[in-house]
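Each chain, written out:
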Amino acid sequence: MASGLSIIVDGNLDEWPTTLLLDDPIGDGKWGSGDDIKTVGAYSDGTYIYIAAVFKKTGYNNLGVLIDVIGKDGAPDTKGHPWNRHYTFARGDIDMMIESWEFDLSAWTFSPTGVNEVTSSIQRAYGSKDGWVIAEMAIPLSVFGDIQNPSFKVVFVLTGGSNGALQWFADVAPDQDVPGWNNGGGAPAPAILTKFLFWSYDSPYEFRVVGENFDYNKYLLEKKANHIASFISLNSFYGQIKFKEYYSRYDEIKNELAKYYLSPEVQEKIAEYDSEVNNLLELYNEGIKTINLPGRAFIGAFRVYRAYTGMKKITSEIEKILEDAQKGVYELEGYLQELSKNLTKTIDGNLDDWSVPPVAVDEAGYGQDGADLKALYVDYDDQFLYIALTTENRASWRIAYGISLDYKDGGYTGDQDSWGKKVSFSRGIDAQLYFFWNGEFFGDPGTSTITSAQLVLWNGTGWEYKDLQLVGFYAYTGGAEDGLQTLEIAIPWEALGVKPGEINIVAYVTGQGAGDSAVDSLPLQDAVKDTEPGQEWGDADTFTQFATVTTE
């Protein structure tokens with residue numbers, strides 16, 4: 001259990017909402033104005049119980065905080081307290097007592113087997129204002145054992161000592177008449193406390209002042225009954241309105257989808273939705289029949305609730321299908337499915353169906369463990385340009401693989417390419433293919449997969465970025481042990497804008513970030529070997545050697 005309220009233990013109560021603070025009458029202390037409680041508060045976030053108090057004290061008197069955590073077996077009273085305090089609760093038991101002075105505190109837990117000091121476990125901070133001490137504490141729930149969804153009672157006393165016959169205290173909050181409490185502040189020991197602040201996880205932003213007749217189990221039953229009544233009332237009106245609203249919207253979306261191309265898979269999904277909607281309509285009608293019948297109202301309300309929440313979910317999902325249809329996603333998927341039928345290679349990362357020799361090979365064995373290109377292949381047919389890379393990687397590093405193409409006049413030479421890498425070119429580049437390999441990076445293992453793949457086109461003044469899987473095809477092999485091993489790509493000539501007679505191509509590996517440079521290339525050239533390998537990642541590289549492929 002956790003709520004959105006954040007309590008900072010700093011001796012300042014500004015972040016406490018007024019619903020979690022109780023003001024005690026000023027000046028009602030039995031020992032004059034020097035020993036008085038002004039404000040108290042309590043709250044839990046499921047990990048800590050937080051206590052707030054504003055008080056004054058004199059001498060050896062202290063602010064006492066007594067807590068009963070509901071459901072935990074505590075002690076009937078504070079007998080065994082090392083400072084001889086003697087209090088009991090009219091109903092319930094005592095699990096903890098804290099004693100606080102102007103700048104520190106001590107704390108003990110109480111159980112049927114004895115008393116245990118837990119002072120070091122309590123976070124605390126103090127402030128002051130106009131002569132009042134401001135105390136703030138955070139008590140770990142773990143000191144009480146395994147407590148889930150806590151509820152507790154708490155009472156505050158401005159306490160003195162006890163002589164065994166009487167327990168002396170000047171003030172108490174919540175305000176109450178302790179049995180036998182005399183004008184001198186003495187009450188028969190153990191002093192019987194009869195009123196408490198009650199805080200519960202199901203109402204985290206408020207508490208109640210409860211008396212000795214408060215019964216937690218009865219409280220739960222009342223809460224449950226109120227929830228059931230509210231649930232029935234809510235679904236009698238709101239639930240019916242929302243079901244009709246979502247049901248009507250579902251029909252509207254179905255009619256709108258009829259205007260768009262939908263893939264067979266999406267059409268099958270919508271058929272499943274139709275079946276679910278029919279079941280939800282039947283469930284809704286059954287609920288309406290019983291929601292006003294004595295003894296069956298809750299069942300009817302629950303059916304309406306399941307029906308309208310089910311319709312809300314389905315309507316939200318089919319709304320997303322409509323958005324994708326309006327964007328042309330399914331038309332594009334259909335186009336790519338049709339386009340894939342014209343591939344003359346199986347794009348699966350396996351190069352067994354490649355029969356052409358590589359256009360560039362690293363015969364020198366140059367490279368680094370996670371950045372080591374081996375061979376570059378290029379092939380083509382009437383509709384596609386095919387490119388493949390192989391590596392000799394021995395580790396999975398976080399890097400980028402770039403492939404730059406020059407196939408028409410003009411193009412980009414620059415000093416930083418489309419992904420911000422510090423590479424430039426002696427030939428004008430018309431397109432780039434880029435792949436981000438999400439491997440290990442300074443202790444972060446990554447996914448050891450390609451997490452971004454783009455076709456980027458130079459339009460004469462800037463770069464146009466396209467998601468590669470929306471314009472072409474690619475597949476790869478590799479993993480966490482050895483990084484990328486093979487990369488296979490098919491790009492429609494149509495996506496490149498032309499089927500040229502000649503293509504000049506260079507492939508390379510760069511660092512993962514913008515401003516990095518290349519550390520290996522195919523064809524292999526001096527640009528990636530002009531500094532020490534460890535320094536090569538951050539220099540600037542100009543590629544002057546390209547593999548040339550005739551496509552006529």
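Just above sits the structure.
A few points on the structure. Quantities reported herein were computed from a predicted structural model and do not represent experimental measurements.

Regarding the overall build of the chain
Looking only at helices and strands, the chain has five helices and 30 strands in total. For a compact globule of 552 residues, the expected C-alpha radius of gyration is about 24 Å, and the chain comes in at 37 Å, more than 25% above that figure. Across its three principal directions, the C-alpha atoms of the chain cover 110 × 70 × 45 Å. Within the span of the chain, comprising 552 residues, buried residues form 51% of the whole. Approximately 25,100 Å² of the chain is accessible, and the part contributed by carbon and sulfur atoms is 49%.

With respect to the pairing of strand 7 (residues 105-111)
Regular strands place side chains that alternate from one sheet face to the opposite one. Burial runs high along strand 7: six of the seven residues are buried. Here strand 6 (residues 96-100) hands over to strand 7 after four residues, the two strands then running antiparallel side by side. One ladder, built from four bridges, connects strand 7 with strand 8 (residues 114-117); its direction is antiparallel. Within strand 8, the position partnered with W108 by the bridge is E117. Taking the residues between adjacent antiparallel strands as the criterion, strand 7 and strand 8 are bridged by two residues.

So, the packing of aromatic side chains
Per the stated rule, a full pass over the model turns up 32 aromatic pairs. An angle of 25 degrees between the planes, with centres 6.0 Å apart, marks the rings of Y43 and Y50 as stacked. The pair Y43 / Y50 is uniform in exposure class, with both members buried. Members of the aromatic cluster, connected to one another through ring pairs, are Y43, Y48, Y50, F152 and W199. Positioned over the ring face of W181 is K30, at 4.4 Å from the centre of the ring. Here K153 stacks its cationic end above the ring of F196, 4.4 Å away from the centre of that ring.

Brief notes about unusual backbone geometry
Glycine aside, residues mostly have negative phi, and peptide bonds are mostly found in the trans state. The omega torsion across A173 and P174 is 5 degrees, close enough to zero to call that bond cis. The residue P174 is located in the loop between strand 12 (166-173) and strand 13 (186-188) in this model. Residue P190 follows A189 across a cis peptide bond; omega there is 0 degrees. Its location among the elements puts P190 in the loop between strand 13 and strand 14 (191-193). Not every positive phi belongs to a glycine, and N84 is a case in point at roughly 65 degrees. Position of N84 relative to the elements: it lies in the loop between strand 4 (62-69) and strand 5 (87-89). By relative accessible area, N84 is classed as partly exposed at 41%. Its identity is not glycine, yet N149 carries a phi of approximately 45 degrees, on the positive side. With respect to the helices and strands, the residue N149 is situated in the loop between strand 10 (132-140) and strand 11 (151-162). Residue N149 is classed as partly exposed on the basis of its relative accessible area, which comes to 36%.

A closer look at a nonpolar patch on the surface
Residues F298, F302 and Y305 make up a contiguous nonpolar surface patch of about 270 Å² in total accessible area. By the element assignment, Y305 lies in helix 3 (residues 297-326).

Some thoughts on the pattern of salt bridges
For the coordinates displayed, the defined rule picks out 20 salt bridges. One salt bridge connects K320 with D324, and the closest N-O pair in it is separated by 3.0 Å. Highlighted residues: K320 and D324, both in helix 3, separated by four residues, approximately one helical turn. Here K320 falls in the partly exposed class, since its relative accessible area comes to 42%. Residue classification places D324 among the buried positions, given a relative accessible area of 14%. Look at the salt bridges and you will find they share partners, linking R249, E252 and E319 into a network.

Section: the sheet that holds strand 25 (residues 473-479)
Spatial ordering of the open sheet is given by 17-18-19-26-25, a layout of five strands whose pairing is antiparallel. Strands at the two margins of the open sheet, each flanked by one partner only, are strand 17 (360-361) and strand 25. One ladder, built from seven bridges, connects strand 19 (residues 384-391) with strand 26 (residues 483-492); its direction is antiparallel. Bridge pairing in strand 26 links A388 to E488.

Description of the pairing of strand 19
For strand 19, the tally of buried residues reaches eight of eight residues, placing the bulk of the element in the interior. Side-chain alternation along strand 19 places F384, Y386, A388 and T390 on one buried face and L385, I387, L389 and T391 on a second face that is also buried. In this antiparallel pair of consecutive strands, strand 18 (residues 373-380) and strand 19, the connection spans three residues.

Details of helix 2 (residues 264-290)
Taking 1.5 Å per residue, 27 residues should reach 39 Å; helix 2 reaches 40 Å between its end C-alpha atoms and fits that length. For helix 2, the full list of buried residues reads V266, I270, Y273, V277, L280, L283, Y284, G287 and T290.

Criteria and thresholds
Residues numbered from 1 in each chain as written. Predicted model: local features only at pLDDT ≥ 70, side-chain atom pairs only at ≥ 80, totals over all residues. Heavy atoms only, no water. Helix = DSSP H or I, 4+ residues; strand = E, 2+ residues; numbered from the N terminus. Rg over C-alpha atoms; globule rule 2.2 N^0.38 Å. Buried < 20%, exposed > 50% of the residue type's maximum accessible area, 1.4 Å probe, protein only. Areas by Shrake-Rupley, 256 points an atom, 1.4 Å probe, with all protein chains shown as cover. Pairing = 2+ DSSP bridges. Phe/Tyr/Trp six-rings, centres within 6.5 Å; stacked < 30°, edge-to-face > 60°. Lys NZ or Arg CZ within 6 Å of the ring centre and 35° of its normal. Patch = residues over 30% accessible without salt bridge, like charges linked within 9 Å, V, L, I, M, F, W, Y side chains within 5 Å. Salt bridge = Lys/Arg side-chain N within 4 Å of Asp/Glu carboxyl O. Expected span 1.5 Å × (residues − 1).

Interpretation in functional terms is not warranted from these geometric data alone.
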